[in-house]
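The residues making up each chain are set out below.
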Amino acid sequence: SLSAGLDLPGRFLFATLTLMTLIAILVFIEEAVYIYRKIPSSKRSIIIWINAAAPVISTTSCIGMWVPRSTMFTDFTAGIFFAIVIHKFLMMMIKECGGQKMLLRRFENGHFTISTGPCCCCCLCLPHVPITRQTLFWLKLGTFQFAVFRPVLIFLSIVLWTNGNYVLYNLSPKGPALWISCFIGALTLFALWAVGIMFRKVRILLKCKNIIPKFALYQFIVILNQLQTTIINILATQKVIPCAPPLSSTARGSYIAQQLLIMEMFLITVISRVVYRRKYHDLEPLECVAEEPEDKKQTP
């Protein structure tokens, strides 16, 4: 078994990472209780979902570290959860503006800047899109499609994997893994693009709501969970990460990615608790949005 093959430093590392995962879960549970008691019901579930991203990824990585054969399922579970969290983060920004009606009233004559990352950051010639109910619908659809189609593609991958047709690290054009990965990558870019467009518009308005550090934490989760893991897996596939018997290169790359994620998600869980609790403790009502139009009407 895996634990029997570990030396003393290896067992100490596994025990430390497992302890960090348990602490992250306890921190999240404590934060969820606080959110449930202090936050209005309209925003409660969304914020709990977003705060759960880091501990869930840490938990799936810990399970994959102890049970190597479950890596396929743990990675897919984290991927499905992450897809839902991206949509929840967009909805949180709309909720923090007072909801869709308040956002439309606040930016009645405003425009979305669609020349933003990760899709169109270099296309500065793109036109500005007016902020309407229809454009908000398209932005929400951009993240919602990811939350729907990624679980479907992951389910298809599992079905093909159980039949022996799907090999995770086989990126041959004849295999389904390459095409499914490319399709998921395209859906991911569109979802992140929708979130980036919305954040670029509301970041000044929601500065009083600590939206910038929240977006930074969200971006760290995206980069570490998606980009870092992909790079490590590619290096392992190309044998850049050497094998260490009894572990092959791909298995060792998977271990490295999981162990890094556990440490990184532990830090993000602790920082998220500070950021989200500080905001809702000091600025519970949304007066900075709700009263601003009234003040402007009374000034003349």
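The structure displayed is predicted, hence computed values, not measured ones. (Residues numbered from 1 in each chain as written. Predicted model: local features only at pLDDT ≥ 70, side-chain atom pairs only at ≥ 80, totals over all residues. Heavy atoms only, no water.)

Student: Looking at this model, I keep getting lost on the packing of aromatic side chains. Mind explaining?
Tutor: Any pair of aromatic rings gets described here by the distance separating the centres and the angle formed by the planes. A full pass over the atoms with the stated rule returns ten aromatic pairs. Measuring from ring centre to ring centre gives 5.0 Å for Phe 14 and Trp 66, while their planes differ by 90°; the resulting arrangement is edge-to-face. A residue pair is termed long-range when its members are at least 10 positions apart, and Phe 14 in helix H1 (residues 8-38) and Trp 66 in helix H2 (residues 41-66) qualify at 52 residues. When the ring of Phe 14 is compared with that of Tyr 255, the centres are 6.3 Å apart and the planes differ by 50°; the resulting orientation is tilted. Note that Phe 14 is positioned in helix H1 and Tyr 255 in helix H8 (residues 249-282), a separation of 241 residues in sequence. Taking relative accessible area as the criterion, Phe 14 reaches 4% and is therefore assigned buried. Take Tyr 255: its relative accessible area is 7%, and that puts it in the buried class. An aromatic cluster is present here, built from Phe 89, Phe 199, Phe 215 and Tyr 218 joined pairwise through their rings. When the ring centre of Tyr 36 is taken as reference, the NZ or CZ atom of Arg 44 above it lies at 4.6 Å. (Phe/Tyr/Trp six-rings, centres within 6.5 Å; stacked < 30°, edge-to-face > 60°. Helix = DSSP H or I, 4+ residues; strand = E, 2+ residues; numbered from the N terminus. Buried < 20%, exposed > 50% of the residue type's maximum accessible area, 1.4 Å probe, protein only. Lys NZ or Arg CZ within 6 Å of the ring centre and 35° of its normal.)

Student: Quick question: what am I supposed to make of unusual backbone geometry here?
Tutor: For residues other than glycine, phi is negative in most cases, and the peptide bonds are mostly trans. Backbone geometry at Asn 210 places phi at a positive 55°, although glycine is not the residue there. Relative to the helices and strands, Asn 210 resides in the loop between helix H6 (176-202) and helix H7 (211-237).

Student: Please clarify how the UniProt feature "transmembrane region" (unreviewed entry) in the chain should be interpreted in this entry.
Tutor: Those places that UniProt annotates as "transmembrane region" (unreviewed entry) correspond, in this numbering, to residues 12-34, 46-67, 73-94, 143-164 and 176-195. Taken end to end, residues 12-34 is 100% helix and 0% strand, and its first and last C-alpha atoms sit 33 Å apart. For the annotated span residues 176-195, helix accounts for 100% and strand for 0% of the residues, and the straight-line distance between the end C-alpha atoms is 29 Å. (UniProt positions renumbered as here; feature names shortened; annotations may be inferred.)

Student: What is the right way to read the nonpolar core from this model?
Tutor: As a rule of thumb, soluble globular proteins bury nonpolar side chains together. Of all hydrophobic cores here, the largest spans 66 residues; its most connected members are Phe 89, Met 93, Leu 103 and Met 198. Elements with a contribution of two residues or more to this core: H1, H2, helix H3 (71-96), helix H4 (100-106), helix H5 (133-162), H6, H7 and H8. Looking at this core element by element, the count peaks at 14 residues for H3. Beyond its immediate stretch of four places on either side in the chain, Met 93 contacts Val 195, Met 198, Phe 199, Val 202, Leu 206 and Ile 211. One finds Phe 14, Leu 17, Ala 24 and Ile 262 within the second-largest nonpolar core, a separate group that totals nine residues. (Core = buried A, V, L, I, M, F, W, Y, C linked by side-chain atoms within 4.5 Å. Contact = heavy atoms within 4.5 Å.)

Student: Can you walk me through the side chain of His 87 in this structure?
Tutor: Considering the arrangement of structural elements, one finds His 87 in helix H3. On the accessibility criterion, His 87 (16% relative accessible area) is buried. Setting aside its immediate chain neighbours within four residues, His 87 contacts Lys 140, Thr 143, Phe 144 and Ala 147.

Student: Explain the environment of Lys 239 here, please?
Tutor: Tracing the chain through its elements places Lys 239 in the loop between H7 and H8. Classification of Lys 239 by relative accessible area gives exposed; the value is 58%. The spatial distance from the C-alpha of Lys 239 to the C-alpha of Ser 249 is 6.0 Å, given a sequence separation of ten residues.

Student: Hey, could you run me through H7 in this one?
Tutor: A rise of 1.5 Å per residue sets the reference length of H7, with its 27 residues, at 39 Å; its end C-alpha atoms lie 38 Å apart and thus fit the reference within 8%. Within H7, the axis deviates most sharply at Ile 223, by approximately 25°. Phi turns positive one or two residues past the end of H7, at Lys 239, with a value near 65°. (Expected span 1.5 Å × (residues − 1). Bend = angle between axes of the 7 residues up to and from the residue.)

Student: Sorry, what's going on with the pattern of salt bridges here?
Tutor: Side-chain pairing between opposite charges can occur once the charged atoms of the two side chains come close. The final tally for this structure, using the stated rule, is three salt bridges. Between Glu 96 and Lys 43 there is a salt bridge, with its nearest N and O atoms 3.3 Å apart. On the criterion of sequence distance, the pair formed by Glu 96 in helix H3 and Lys 43 in helix H2 is long-range, its members being 53 residues apart. Both residues of the pair, Glu 96 and Lys 43, belong to the buried class. Notably, a salt bridge pairs Lys 214 with Glu 96, separated by 3.8 Å at the nearest N-O pair. Highlighted residues: Lys 214 in helix H7 and Glu 96 in helix H3, separated in sequence by 118 residues. As far as the burial class goes, Lys 214 and Glu 96 line up, both buried. (Salt bridge = Lys/Arg side-chain N within 4 Å of Asp/Glu carboxyl O.)

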